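Descriptive analysis of the structure
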Amino acid sequence: MAKKVVIVDEELTPTVLATKKVKRGSMIWLLLIFAALIAAAIYLPEITAYVSQKLGLDIEIPNEIVTPGNDDTDDDNSNDDEAPELQKYALTADLSFTVDNLTLSNFEVTEQQITFNIANNGTEAIDLSEMHYYLNMYSTDVEGADTLLERIKVADNIINAGGNISVTYNIKATGITEVAFLEISEEEYPAYVADADEAGNATLVCQKDYETVTYSLNNNQVFSIIDNYVVPTNDPNYNVFYGTYQTLAATYSTISGVSSNVSTDEANMYFVTNINLRTVVDGTINNDIYYPLNTDAKVMKFELEAQGYTCS
């Protein structure tokens, strides 16, 4: 029976509610209780399974306890957003494969060129100049590892619905064993920042054959272009070059912000075009390497190098 509380009815007399003496045996009981709780926590799954079996209950027992913020399902889904592995094809005489609505076939490789057919399987015409399709060319070593030899930009052609075209590109690569055809967006182009002065001015110079193109940059974006051809007078196609460049110079010079001229000396013909992109209306010059104002240097470098230019 619990002790009664005794209250003394005297002014300012301390009131004692109760006193409790801690016995030695109480500590032992407390330790036993804690041990029992720990054992129950450890063997809880087994106990639950036993009770479930005896009572015929359907109780789901988790394999492990999942704490908040440590959900293993995150690891299972961690690779969901990874890009699929690029499909490569062995370059053989009968190679034919389809990417999107385009089928590539009839590959032929010579010492300096690659030729293949592109068929449009879709119901609408495809303007390749508006796309970002590339053909990657690889070599494979004895261990099966691939090395990217060269990349070419597949453009400058319109393929009608159900149509088929043959394209030829100059290449430098040799020993090609595999190819891949893919679309690469500008966001996926590798970063490139040209060396600039304190005002942010720089140049990107790209060269191929007789042509040197200089892109003037500010904050890594183009604002003017100088396109310079130097053709030796002893070139077998000199007369063709001369007539073509005379026509282009006359056409370009009618555009506001563009000056173009042809000159010659005993050794060479010079075809030089200066373009102020801050004045030129976008789209008035039909030349893919004349990029619009404020195009980033990484775009020009990546695309021009995929067209056979060497840029630095």
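Residues numbered from 1 in each chain as written. Predicted model: local features only at pLDDT ≥ 70, side-chain atom pairs only at ≥ 80, totals over all residues. Heavy atoms only, no water.

Brief notes about the overall build of the chain
On a plain count of helices and strands, the chain comes out with 5 helices and 16 strands. The buried share of the chain, reckoned over its 312 residues, is 31%. Within the chain, residue pairs in contact and separated by at least 24 positions form 55% of the contacts whose partners lie at least 6 positions apart. Of the roughly 21100 Å² that the chain leaves accessible, carbon and sulfur atoms contribute 51%. (Helix = DSSP H or I, 4+ residues; strand = E, 2+ residues; numbered from the N terminus. Buried < 20%, exposed > 50% of the residue type's maximum accessible area, 1.4 Å probe, protein only. Contact = heavy atoms within 4.5 Å. Areas by Shrake-Rupley, 256 points an atom, 1.4 Å probe, with all protein chains shown as cover.)

Some points on the packing of aromatic side chains
In total, this model carries 16 aromatic pairs according to the counting rule given. Ring centres of Phe-107 and Phe-116 lie 5.1 Å apart, and the angle between their planes is 20 degrees; this geometry places the pair in the stacked category. Each member of the pair, Phe-107 together with Phe-116, is buried. A ring pair is formed by Tyr-245 and Phe-271, whose centres lie 4.6 Å apart and whose planes are at 15 degrees; its orientation type is stacked. One end of the pair, Tyr-245, is in helix H4 (residues 238–252); the other, Phe-271, is in strand S15 (residues 268–276), with 26 residues separating them in the sequence. For the pair Tyr-245 and Phe-271, one class covers both residues: buried. Here the aromatic residues Tyr-89, Phe-97, Phe-107, Phe-116 and Tyr-169 are joined through ring pairs into a cluster of three or more. Across from the ring centre of Tyr-138, 4.4 Å away, lies the NZ or CZ of Lys-88, which sits over that ring. A cation over a ring is seen here: Lys-301 above Tyr-192, with NZ or CZ 5.2 Å from the ring centre. (Phe/Tyr/Trp six-rings, centres within 6.5 Å; stacked < 30°, edge-to-face > 60°. Lys NZ or Arg CZ within 6 Å of the ring centre and 35° of its normal.)

Quick look at the pattern of salt bridges
Inspection of the entire model under this criterion finds 2 salt bridges. Note that Lys-88 is salt-bridged to Asp-146, the shortest N-O span being 3.0 Å. Residue Lys-88 is found in the loop between helix H3 (73–76) and strand S1 (89–90), and its partner Asp-146 is found in strand S7 (residues 146–154); the two are separated by 58 residues along the sequence. Residue Lys-88 is classed as partly exposed on the basis of its relative accessible area of 27%. Residue class for Asp-146 comes out partly exposed when judged on its relative accessible area of 32%. (Salt bridge = Lys/Arg side-chain N within 4 Å of Asp/Glu carboxyl O.)

Section: the confidence of the model for the chain
In regions of low pLDDT, the predicted coordinates are not meant to be interpreted in detail. Here the chain averages 83 in pLDDT, and 73% of its residues register 70 or above. Scored below 50 in pLDDT, residues 1–22 makes 6 contacts in the model with residues more than four places away or belonging to other chains. (pLDDT = per-residue confidence, 0-100.)

Side note on helix H5 (residues 297–305)
Here H5 lies mainly inside the structure; 7 of its 9 residues are buried. Residues of H5 that are buried: Ala-297, Val-299, Met-300, Lys-301, Phe-302, Glu-303 and Leu-304. A side-chain oxygen of the first residue of H5 lies 2.9 Å from the backbone nitrogen of Lys-298; this N-cap is Asp-296. (Polar contact = N/O pair within 3.5 Å; in protein donor to acceptor, adjacent residues only side chain to side chain.)

Concerning the nonpolar core
Within the largest apolar cluster, 39 residues are counted, with the highest numbers of intra-cluster contacts made by Tyr-215, Leu-217, Ile-225, Ile-275, Ile-285, Met-300 and Leu-304. Mapped by element, the contributors of at least two residues to this core are strand S11 (201–208), strand S12 (211–218), strand S13 (221–232), H4, strand S14 (258–264), S15 and H5. Considering every element that reaches this core, the biggest residue donor is H5, with 5 residues. If sequence neighbours within four positions are ignored, Ile-285 has contacts with Tyr-252, Ile-255, Val-258, Ile-275, Val-280 and Tyr-290. Val-99, Ile-126, Leu-135 and Ile-159 belong to the second largest nonpolar core, which has 25 residues in total. (Core = buried A, V, L, I, M, F, W, Y, C linked by side-chain atoms within 4.5 Å.)

Side note on unusual backbone geometry
One non-glycine residue with positive phi stands out, namely Asp-156, at about 65 degrees. Inspection of the secondary structure puts Asp-156 in the loop between S7 and strand S8 (158–159). A positive phi angle, near 55 degrees, is found at Asp-209, a position not held by glycine. Owing to a relative accessible area of 73%, Asp-209 belongs among the exposed residues under this scheme.

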